[in-house]
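# Overview (structure and organization)
If you want the building blocks of each chain, they are given just below.
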Amino acid sequence: TDPTNLVTILFHLGEMATITQSLDEDTFRVLGEELGYRIEIVSPEDEDRELLETFDIDLDEEEDEENMSPRPPVVTVMGHVDHGKTKLLDAIRSSNVAARESGGITQHIGAYQTKVEHEGEERAITFLDTPGHEAFTAMRARGAKSTDVAILVVAADDGVMPQTIEALNHAQAADVPIVVAVNKVDKEGANPQKVMQQLTEYNLVAEEYGGETMFVPISALKREGIDQLLEAVLLTADAALVLQANPDKDARGIAIEAKLDKGRGAVATVLVESGTLRQGDAIVCGTAHGRVRAMFDENGEQLSEAGPSRPVQVLGLSSVPRAGDSFLVTSDDRTARQIAEKRDAVERAAQQARGRKRISLEDFTKALEEGKVDMLNLILKGDVSGAVEALEDSLLKIDVGDEVDLRIIHRGVGAITENDINLATVDSAIVIGFNVRPEAKARDLAADEGVDVRYYSVIYDAIEDIESSLKGMLKPEF
Ligand code: GDP
């Protein structure tokens, strides 16, 4: 059927559409029925599930209760900017006896584990140490549920602020129980009571007020109240969740951070969710695959195995995965490679299907003024996955009104490659490089194809450019 025909059919169904417009799923279904087809919309997750099934991998396999063992909770720290998230993560990290005793140099690998005494028992807690809900949301967007408990940090001198609310909305939407750390109680003007009162409005009612949320006064700066906070995390986790996993099987989990290292190649920090990851295992993570050549913990200690809830840095992947990509161990290298290649093909096909012709940011602004385009496509490349995620999130938050859509069609870690330029060509996208340069071949190709590639080292500058080009084209309202 030709597109104008479809537009006519849609019109009769009461839907005003243009030829280039995207339709929502329901409209597609109705349109399909009208034409005598039954339309099945397959989500990327379902598609991947089916792909894995062809390799005899069943993601929904039931676990026998008797094979399960307790595992540490995984915690994310969220809250308004400057309320003390980073300070708190540092305070917890340095209070960790195990880390001090190992004598290793603490490294930022995206997560760490700490040990605490709890009711006479030594228990571990895993912290994702990219503070803020951006990383959390980025992972959720990829279908990864990485967090068991969220610590919401609220500065007692400042009270509930916009990002406090945003953070708690994200946690509540994901059904993640919250512990409130009322921080900066050492400061003059600190008013912990007010924080409690303010948060009751958002269904976080303190135990003192007859609710179920634990509020713990702390000073991240003076490292006071940290033990009580960790205690509260364990109590909350134990009350709300059954934290267990089967450690005696091939590992599965998610990537939480990844980068390209000059000497070591792709370096990914993964969180094991179930099973045990071992050195030498064949693994596939998103579209990256390989063998676990070596594993390190956050103290730089080499590990030969990593069980449930343990974050480890993994060397040996063929490329850099994205934060939130799931990983799994396969029976052999070949299977891992084949899964990665199939996924890559699926992604490319999706990208091709979207594509058409290229454009520069200036062309775009002009075309927008003339009402010829309503979509700006971007490709993001950066030196570390955290930066790429942060850039993506901030870009997607730009308020562009109803007249134009901003789409990130591809993002990744590492230099800008020929593949990126090719994608930009088919998809009329603009390429944004954050702290990265193009490979020589990619630079030549971009010049030949007239692809607009822009470089930034400050996230804010990139956002400002994109925002002003979007605004520049927005018609003034009278
Ligand atoms: P983030 O943006 O939430 O990660 O906040 P930071 O951890 O960077 O902290 C912001 C500022 O607040 C820094 O200057 C910290 O030194 C300060 N700060 C953090 N925690 C405390 C605290 O418990 N007491 C006081 N007085 N200052 C704090």
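Residues numbered from 1 in each chain as written. Predicted model: local features only at pLDDT ≥ 70, side-chain atom pairs only at ≥ 80, totals over all residues. Heavy atoms only, no water.

Going by what an unreviewed UniProt entry lists, the chain is known as Translation initiation factor IF-2 and is assigned to Brevibacterium salitolerans. Recorded under Subcellular location (unreviewed entry), the UniProt text for the chain is reproduced unchanged: "Cytoplasm". According to its UniProt record, the chain has this under Function (unreviewed entry): "One of the essential components for the initiation of protein synthesis. Protects formylmethionyl-tRNA from spontaneous hydrolysis and promotes its binding to the 30S ribosomal subunits. Also involved in the hydrolysis of GTP during the formation of the 70S ribosomal complex." (UniProt positions renumbered as here; feature names shortened; annotations may be inferred.)

## Some words on the pairing of strand β12 (residues 282-285)
In β12, alternate side chains face the same way, and those of Ala282 and Val284 on one face and Ile283 and Cys285 on the other are all buried. Where β12 folds back on strand β13 (residues 288-296), the antiparallel hairpin that results is connected by 2 residues, among which Gly286 adopts a positive phi of roughly 60°. One ladder, built from 4 bridges, connects β12 with strand β17 (residues 326-330); its direction is antiparallel. Its bridge partner being in β17, Cys285 is matched across the sheet by Phe327. (Buried < 20%, exposed > 50% of the residue type's maximum accessible area, 1.4 Å probe, protein only. Helix = DSSP H or I, 4+ residues; strand = E, 2+ residues; numbered from the N terminus. Pairing = 2+ DSSP bridges.)

## What to know about the sheet that holds strand β20 (residues 429-434)
Backbone hydrogen bonds hold the strands of a sheet together, and the pairing may be parallel or antiparallel. The strand order across the open sheet built from 4 strands is β19-β18-β20-β21, with neighbouring strands paired in parallel fashion. The strands lining the two open edges of the sheet, one partner per strand, are β19 (405-413) and β21 (453-456). When the angles between neighbouring strand axes are averaged without regard to direction, this sheet yields 25°. Two elements, strand β18 (residues 375-382) and β20, share 6 bridges in a ladder whose sense is parallel. Opposite Leu378, over in β20, you have Ile430 as the bridge partner. Most of the contacts of helix α12 (residues 385-397) go to β19, to which it runs at about 180°, and overall it touches β18, β19 and β20. (Axes fitted to C-alpha atoms, helices over the stretch in contact; angles between N-to-C directions. Contact = heavy atoms within 4.5 Å.)

## A look at helix α7 (residues 162-173)
For α7, built from 12 residues, the straight-helix expectation of 16 Å at 1.5 Å per residue is met to within 8% by its first-to-last C-alpha distance of 16 Å. Listing the buried residues of α7 in full gives Thr164, Ala167, Leu168, His170 and Ala171. The arc that holds every buried residue of α7, seen down its axis, measures 155°, which confines them to one face. More than 90 degrees from the buried face of α7, the exposed residues found are Pro162 and Ala173. (Expected span 1.5 Å × (residues − 1). Arc of directions from axis to C-beta.)

## What to know about the site of the ligand
Taken together, 15 residues surround the ligand, and among them Asp82, Lys85, Thr86, Lys87 and Asp186 come closest. Between an oxygen atom of the ligand and a main-chain N or O atom of His83, the distance comes to 3.4 Å. A distance of 2.7 Å separates a nitrogen atom of the ligand from a polar atom in the side chain of Asp186. Expressed as a share of its isolated accessible area of 570 Å², the protein-covered part of the ligand is 75%. Taken together, the residues of the shell around the ligand sort by class into 3 nonpolar, 6 polar and 6 charged. (Near = heavy atom within 4 Å. Polar contact = N/O pair within 3.5 Å; in protein donor to acceptor, adjacent residues only side chain to side chain. Areas by Shrake-Rupley, 256 points an atom, 1.4 Å probe, with all protein chains shown as cover. Nonpolar A, V, L, I, M, F, W, Y, C, P; charged D, E, K, R; others polar.)

## A word on the environment of Glu212
Here Glu212 lies in the loop between α8 (192-200) and β7 (215-217). Exposure remark for Glu212: the relative accessible area of 75% places this residue in the exposed category. Sequence-distant contacts of Glu212, defined by excluding residues within four places in its chain, comprise Val205 and Glu207.

## Digging into the confidence of the model for the chain
In this model, the chain carries a mean pLDDT of 85, and residues with pLDDT of at least 70 account for 85%. Low confidence marks residues 474-478, where pLDDT is under 50. Its contacts with residues over four positions away, or in another chain, come to 7 contacts. Of the two predicted TM-score estimates for the complex, the pTM is 0.71 and the ipTM is 0.99. (pLDDT = per-residue confidence, 0-100.)

## With respect to the sheet that holds strand β3 (residues 111-118)
Strand order in the open sheet formed by 6 strands is β3-β4-β2-β5-β6-β7, with mixed pairing between adjacent strands. Across the chains shown, the open sheet's two edge strands, defined by having one partner strand only, are β3 and β7. Recorded for the sheet is a direction-independent mean angle of 30° between the axes of neighbouring strands. As judged from the 3 bridges shared by strand β6 (residues 178-183) and β7, these two strands associate in the parallel manner. From the neighbouring strand, Val182 faces β7, where its bridge partner is Pro217. Here helix α9 (residues 226-240) sits on the sheet and contacts β2 (74-79), β3, β4 (121-128), β5 (149-155), β6 and β7; the angle it forms with β3, its principal contact strand, is near 90°.

## Let's talk about the packing of helix α13 (residues 418-427) against helix α14 (residues 440-449)
The interhelical angle for the contact between α13 and α14, taken along N-to-C directions, is 20°, at an axis separation of 8 Å. One way to sum up the angle between α13 and α14 is to call them roughly parallel. Considering only the axes of α13 and α14, their crossing is right-handed. Counting all contacts with α13, which are made through Glu418, Ile421, Asn422 and Thr425, the residues of α14 involved are Lys441, Ala442, Leu445, Ala446 and Glu449. Of the residues assigned to the contact of α13 with α14, the class counts are 4 nonpolar, 2 polar and 3 charged. (Parallel < 35°, antiparallel > 145°, perpendicular 65-115°, else oblique. Left-handed = near helix turned anticlockwise from the far one by under 90°.)

## Digging into the packing of aromatic side chains
By the definition in use, this model includes 1 aromatic pair. Ring centres 5.7 Å apart and planes at 25° place the aromatic pair Tyr112 and Phe127 in the stacked group. In this pair, Tyr112 sits in strand β3 while Phe127 sits in strand β4, placing the two residues 15 residues apart along the sequence. Of the residues examined, Tyr112 reaches a relative accessible area of 1% and is grouped as buried. For Phe127, a relative accessible area of 0% corresponds to the buried category. For the cation-ring pair, Arg437 lies above Tyr455, with the distance from its terminal atom to the ring centre recorded as 4.2 Å. (Phe/Tyr/Trp six-rings, centres within 6.5 Å; stacked < 30°, edge-to-face > 60°. Lys NZ or Arg CZ within 6 Å of the ring centre and 35° of its normal.)

## Some words on the nonpolar core
With 42 residues, the main nonpolar core has Leu277, Leu378, Leu395 and Ile466 as its most contacted residues. If you look at the next biggest cluster of nonpolar residues, it comprises 27 residues, including Ile151, Ile218, Ala220 and Ile226. (Core = buried A, V, L, I, M, F, W, Y, C linked by side-chain atoms within 4.5 Å.)

## Here's the deal with the side chain of Asp129
Mapped onto the elements, Asp129 comes out in the loop between β4 and α6 (133-141). Here the side chain of Asp129 touches His108 through a polar contact of 3.5 Å, side chain to side chain.

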